[in-house]
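# Reading the structure
The lines below spell out each chain.
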Amino acid sequence: MGIDIDLCISQCYQRQLLSEAVVKELCELGKAVLAGEGNVRQVAAPVTVVGDVHGQFYDVLEIFKIAGYCPDVNYVFLGDYVDRGFFSVETIALLLCLKIRHPHRITLIRGNHESRATYGFYTECLRKYGNSNVWMYFTDFFDYLVLGAVIEDAIFCVHGGLSPSIHTLDQIKVIDRFKELPHEGPMADLVWSDPAPAATATTATTPAASLRFTAASSSASDDMRGDFQISPRGAGYLFGKIVTAQFLATNDLGHICRAHQLCMEGYQVLFDDLVSTVWSAPNYCYRAGNLASVLQIGVGLERFFNVFGPCPDDARVAPNRDGGAIVAASTNIGGGGMFDDDEVLASEDIVLEQKKVSRIRGRGGGISRSGVTGGGGGGLVREISSMSSNGVAINGNSTFSNPVVSEFFL
Ligand SMILES: [Mn+2]
């Protein structure tokens, strides 16, 4: 009883862990706020849209520095607040507090990682609190997050994308969303789907998945079909330009804004400007070398991608192996070092699932790291592949040209 929400917010901004009891109460308050929101939230412009942040707390602080603080600025967060980064707990705690304090100024959409199928969040909660209670409170809270938002009746915001079983916003509005993410069906599709332009369909997937995709869609004409196709993620669908245009026309909308896929340049605009991907975790997993962006939408619905890199090293700390805090080696873009690989490997937060292989190519003049040199003019080229259930290997010898990389998943 008697939560001082402003005090909590101030503690969160300082990355102080809130007590288990406080988290419990905050999650109850958050659920009460979200229970009053429909599945698809109406949002007014101007507003800033944020893509995946994945526990990269210091980069979230950087976003507020760059784009303005809530409630001075309206925010729509597209989901994937937790997993991968070192500070999922602190990140979701801050956003939860802001939601409770300024419910009309911030919209929290559910991502596929806001689930009990966790990739780092559970162990982080366990490590920081000594038990799984806080994880339970947060994941119960996740069940209340909204599925989408519509900005000024014109821009549909969702974490993943479209579903073959959803043609209208009304069909989204009647979903019973207050539950764990299902493996399939419309609710799963909204958080899992990806747009599938011909250019990215075969490169932005894992090699194994690419084979499957190629088998199902082996010609350019197939790629250009523009309808729904099986997703190599094993959940959701790939949606093309034709079904996108149909969905927008049916619902009298002009654009879809979504996240869910790492973009090396921080964002990508697809299908002749019908779809945007916003990615807000710079140098994803502290090693991907990508830029990030937030999408600033003005009163006239003009869109501006505000691109940014990792926050300055002196503004960031990272946990050491014992869970304490150390100053990170560095994570910047312009030729600085990286986390020591052993340090990264020691982190269970970014262990990638076996068999899932993502290839990442840095931008020109990107990160330098001992042992890996940028290819001629191509910047850092590297491959991140998981070798086992407890380790991640990095090999610096893969390359492909597409700027969108499938999010390390699942
Ligand atoms: Mn995602």
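From a predicted model like this one, the values you see are computed outputs, not experimental measurements. (Residues numbered from 1 in each chain as written. Predicted model: local features only at pLDDT ≥ 70, side-chain atom pairs only at ≥ 80, totals over all residues.)

Moving on to the sheet that holds strand 14 (residues 292–297). As summarised here, the arrangement of the five strands in space is 4-3-2-14-15, forming an open sheet in which the pairing is mixed. The strands lining the two open edges of the sheet, one partner per strand, are strand 4 (106–108) and strand 15 (303–308). The mean angle between the axes of side-by-side strands here comes to 20 degrees, regardless of whether they run parallel or antiparallel. The pairing of strand 3 (residues 75–77) with strand 4 spans three bridges and is parallel. Bridging across to strand 4, V76 finds its partner in T107. (Pairing = 2+ DSSP bridges. Helix = DSSP H or I, 4+ residues; strand = E, 2+ residues; numbered from the N terminus. Axes fitted to C-alpha atoms, helices over the stretch in contact; angles between N-to-C directions.)

Turning next to the environment of V307. Among the secondary structure elements, V307 is positioned in strand 15. Taking the number of C-beta atoms within 10 Å as the measure of exposure, V307 has 15 and is therefore partly exposed. Excluding residues that lie within four positions of it along the chain, V307 makes contacts with G266, L291 and S293. (Buried ≥ 20, exposed ≤ 12 C-beta atoms within 10 Å, placed from the backbone. Contact = placed C-beta atoms within 7 Å.)

Along helix 5 (residues 121–129), the residues that are buried comprise F121, Y122, E124 and C125. Seen end-on, helix 5 carries its buried residues on one side only, within an arc spanning 165 degrees. Once helix 5 finishes, G130 follows within two positions and takes phi at roughly 80 degrees, a positive value. (Arc of directions from axis to C-beta.)

In the numbering used here, UniProt assigns the "domain: Serine/threonine specific protein phosphatases" (unreviewed entry) feature to residues 109–114. Helix makes up 0% of residues 109–114 and strand 0%, with an end-to-end C-alpha separation of 9 Å. (UniProt positions renumbered as here; feature names shortened; annotations may be inferred.)

Parts of the prediction with low pLDDT should not have their coordinates interpreted in detail. Mean pLDDT for the protein chain: 78, with 70% of residues reaching 70 or above. A low-confidence stretch, residues 199–223 (pLDDT under 50), is modelled with 40 contacts involving residues beyond four sequence positions or located in other chains. Contacts from residues 321–403, a stretch scored under 50 in pLDDT, to residues over four places away or in other chains number 156 contacts. (pLDDT = per-residue confidence, 0-100.)

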